[in-house]
Amino acid sequence: MRIGIGYDVHRLEPGLPLRLGGISIPHEKGLLGHSDADVLIHAICDALLGAIALGDIGQHFPDTSDEYKGIDSRILLERVNTIVENEGFYIENIDSTLILQRPRIKDFIPQMRAELAKILKIEIEQISVKATTTEKLGFEGREEGVAAQVACLLNEKK
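Here's a quick rundown of the structure. (Residues numbered from 1 in each chain as written. Predicted model: local features only at pLDDT ≥ 70, side-chain atom pairs only at ≥ 80, totals over all residues. Heavy atoms only, no water.)

## Let's talk about the overall build of the protein
For the protein, the helix and strand inventory stands at 5 helices and 7 strands. Starting at the N terminus, the α and β elements of the protein follow one another as β-β-β-β-α-α-α-β-α-β-α-β. In terms of principal-axis extent, the alpha carbons of the protein reach across some 45 × 35 × 25 Å. In the protein, of all internal contacts separated by at least 6 residues, the share reaching a separation of at least 24 is 71%. Entry remark: accessible area of the protein is about 7900 Å², with carbon and sulfur atoms responsible for 50%. Taking the average location of the 18 positive side-chain charges in the protein and that of its 25 negative ones, the two points are 4 Å from each other. (Helix = DSSP H or I, 4+ residues; strand = E, 2+ residues; numbered from the N terminus. Contact = heavy atoms within 4.5 Å. Areas by Shrake-Rupley, 256 points an atom, 1.4 Å probe, with all protein chains shown as cover. Lys, Arg positive; Asp, Glu negative; His and termini not counted. Charge placed at Lys NZ, Arg CZ, Asp CG, Glu CD.)

Laid out in structure tokens, this is it:
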């Protein structure tokens with residue numbers, strides 16, 4: 001068994017699309033980044049890569065490469081999942097937390113879980129997505145950005 005953790009943060013900016021967990025969420029602000037800046041997917045990628053000791057998302061998909069400019073993070077997650085499979089592992093479960101003041105996303109969580117399960121080729125029961133505010137404290141509380149924390153458990157294929 002292998003355990004991985006991931007963390008990511010992106011700045012919120014007016015007029016950009018907000019993508020979290022592979023889905024679009026209506027909001028007046030979106031996340032700024034080299035890709036589509038989906039913090040949840042980026043943190044999942046880091047957790048999976050960390051569990052198999054293969055670095056992080058920046059090593060595999062550098063933000064200095066035009067190849068990844070504006071890329072849909074779901075594509076990155078598919079590629080990371082292939083790496084995990086090729087290394088002889090499978091996902092037991094993923095537990096994640098989104099940290100943001102607004103928008104409230106509880107109504108979007110079932111769709112996020114379904115999308116992530118589909119990309120990762122796992123059952124929806126194997127992925128948890130939670131959300132919390134910071135009670136208006138810190139950059140998340142001031143609505144300057146969104147953070148995500150993820151833990152995953154991988155097992156070796158027999």
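Next comes the rest of the write-up.
## A word on the packing of aromatic side chains
To describe a pair of aromatic rings, one takes the distance between the centres and the angle between the planes. Enumeration over the complete set of coordinates arrives at 1 aromatic pair. Taken together, a centroid distance of 5.4 Å and an interplanar angle of 80° make the contact between Phe 61 and Tyr 68 edge-to-face. When sorted by exposure, Phe 61 lands in the same class as Tyr 68, which is buried. (Phe/Tyr/Trp six-rings, centres within 6.5 Å; stacked < 30°, edge-to-face > 60°. Buried < 20%, exposed > 50% of the residue type's maximum accessible area, 1.4 Å probe, protein only.)

## A look at the environment of His 42
With respect to the helices and strands, the residue His 42 is situated in helix α1 (residues 39–51). Judged by relative accessible area, His 42 falls into the buried class, the value being 7%. For the pair His 42 and Arg 102, spaced 60 residues apart in sequence, the C-alpha to C-alpha distance is 20 Å. Each residue touching His 42, except ones within four places of it in the same chain, is listed here: Asp 8, His 10, Ser 35, Asp 36, Ala 37, Ile 57, Ser 73 and Leu 76. Here Asp 8 takes part through its side chain, which lies 3.1 Å from a polar atom of the side chain of His 42. (Polar contact = N/O pair within 3.5 Å; in protein donor to acceptor, adjacent residues only side chain to side chain.)

## Topic: the pattern of salt bridges
Where charged atoms from two side chains of opposite charge approach closely, those side chains can pair. What the rule picks out here adds up to 12 salt bridges. The residue Asp 36 makes a salt bridge to Arg 19 at a minimum N-O spacing of 3.5 Å. Taken together, the residues Asp 36 in the loop between β4 (29–32) and α1 and Arg 19 in strand β2 (residues 18–20) connect sequence positions 17 residues apart. Judged by its relative accessible area of 14%, Asp 36 falls in the buried class. For Arg 19, a relative accessible area of 14% corresponds to the buried category. Two residues, Glu 28 and Arg 102, come together in a salt bridge whose shortest N-O distance is 2.3 Å. (Salt bridge = Lys/Arg side-chain N within 4 Å of Asp/Glu carboxyl O.)

## Some remarks on the state of the cysteines
By definition, a disulfide links two cysteine residues through a covalent bond between their sulfur atoms. Going through the model one piece at a time under the given rule, you end up with 0 disulfides. Of the cysteine sulfurs around Cys 45, a residue in no disulfide, the closest is that of Cys 152, at 11 Å. On the accessibility criterion, Cys 45 (0% relative accessible area) is buried. The class for Cys 152 is buried, based on a relative accessible area of 3%. (Disulfide = S-S within 2.5 Å.)

In short, shape yes, function no, at least from these values alone.
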